[in-house]
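# Architecture at a glance
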Amino acid sequence: MSSPRWLRLLTDNLGVNKAPAYTLATVEQNNPQPIPRSRTLIHRQVLTITPPKSLLITTTDIRTPKASQLIINSTSEATFWFPESEIQFRITAQTYLLPNPNHQWISSFPFDLLSGNKVFDWEKFRLDAYDSLSPYLRASFVRPVPGTPMKSYDEANSWPQTLSTRDEAKGEDEKNVAVALENFAIVVLDPTKVDLVELAVHPNRRTEWTLTTGNVWLEQILVP
Ligand SMILES: Cc1cc2nc3c(=O)[nH]c(=O)nc-3n(C[C@H](O)[C@H](O)[C@H](O)COP(=O)(O)O)c2cc1C
């Protein structure tokens, strides 16, 4: 089965961007009224284990508010804007967190749904993803809990500024890598709806794809 046009377009646009970023919206529900929350994330890769399922992969710290928001409500919306091609993607997704294997939320990760009948080593995937980050980003996972108050910006000078890969780590670094790996998590977006807006063509075009229960992407042209 060939991939849907939205995925081919997304892949083309991701291919010409070094560090493509998108806005991920989630819902914070532990309030009298649900509150929308959004933030910028770096897209890491498209992972296809069982076609036609194509998963969008990013990474985060399991201690961040977005993680608890996604555990309570796994529906998110990722918005990509590619200025060169003047294309916007709004991707609604079921969104799953892959934390360290001892974390309580590992039980929420749908291994069978995402891997199907294929053998896929998700923990190796997580560890390799940690190694592939820059030394500076790796060090971010040993900071105190993200979003908690600090007395001054200077406090951050005492934190590790860079951190090794698993293989490189020696001495104090080994302990820090272990802590980083406790906090480091993969975020998996499993798209269910895609709303594409193309502004470079005149008249502009808008197209929506919806994934049916039979795993077929239905395409519908919409008024932009
Ligand atoms: C360009 C850019 C890229 C970012 N990439 C990520 C990322 O890949 N993962 C991540 O957790 N936070 C990333 N951040 C930080 C988030 O936007 C956010 O500030 C942080 O994750 C806390 O979000 P939360 O409080 O909503 O959980 C990025 C920020 C910027 C400006």
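Right, let's walk through the structure included here. Just so you know, these numbers come straight off a predicted model, no measurement behind them.

Taken together, the residues surrounding the ligand are Arg39, Thr40, Leu41, Ile42, Thr58, Thr59, Thr60, Thr64, Pro65 and Lys66. For the ligand, an oxygen atom lies 3.0 Å from a polar atom in the backbone of isoleucine 42. One nitrogen or oxygen atom from the side chain of lysine 66 is found 2.6 Å from an oxygen atom belonging to the ligand. Within the complex, the protein chains bury 57% of what would otherwise be the 620 Å² of accessible surface of the ligand. Going through the elements one at a time, strand 2 (35-42), strand 4 (55-61) and helix 2 (65-72) are the ones with two or more residues in the shell around the ligand. Considering each element in turn, the shell around the ligand owes the most residues, four residues, to strand 2. Across the shell around the ligand, the residue classes tally to three nonpolar, five polar and two charged.

The next point concerns the packing of helix 4 (residues 122-132) against helix 6 (residues 172-183). The contact between helix 4 and helix 6 brings their axes to 11 Å, and the two run at 120°. By the angle between their directions, the pair helix 4 and helix 6 is classed as oblique. Here the hand of the crossing between helix 4 and helix 6 comes out right-handed. Along the contact surface, helix 4 presents Arg126, Leu127 and Tyr130, while helix 6 presents Val177, Ala180 and Leu181. Grouping the constituent residues of the contact of helix 4 with helix 6 by class yields five nonpolar, no polar and one charged.

Let us look at unusual backbone geometry. Between proline 51 and the following residue, proline 52, the backbone shows a cis peptide bond with an omega angle of 10°. Residue histidine 202 is joined to proline 203 through a cis peptide bond whose omega torsion reads -5°. Tracing the chain through its elements places proline 203 in the loop between strand 7 (184-198) and strand 8 (205-211). With a phi close to 55°, glutamate 86 is a non-glycine residue in the positive phi region. Turning to its location among the elements, glutamate 86 is positioned in the loop between strand 5 (75-82) and strand 6 (87-98). The exposure class of glutamate 86 is partly exposed, given its relative accessible area of 33%. The phi dihedral of asparagine 215 falls on the positive side, at around 65°, and the residue is not glycine. Relative to the helices and strands, asparagine 215 resides in the loop between strand 8 and strand 9 (217-222). In this structure asparagine 215 comes out as partly exposed when scored by relative accessible area, which is 35%.

Basis of the calculations
Residues numbered from 1 in each chain as written. Predicted model: local features only at pLDDT ≥ 70, side-chain atom pairs only at ≥ 80, totals over all residues. Heavy atoms only, no water. Near = heavy atom within 4 Å. Polar contact = N/O pair within 3.5 Å; in protein donor to acceptor, adjacent residues only side chain to side chain. Areas by Shrake-Rupley, 256 points an atom, 1.4 Å probe, with all protein chains shown as cover. Helix = DSSP H or I, 4+ residues; strand = E, 2+ residues; numbered from the N terminus. Nonpolar A, V, L, I, M, F, W, Y, C, P; charged D, E, K, R; others polar. Axes fitted to C-alpha atoms, helices over the stretch in contact; angles between N-to-C directions. Parallel < 35°, antiparallel > 145°, perpendicular 65-115°, else oblique. Left-handed = near helix turned anticlockwise from the far one by under 90°. Contact = heavy atoms within 4.5 Å. Buried < 20%, exposed > 50% of the residue type's maximum accessible area, 1.4 Å probe, protein only.

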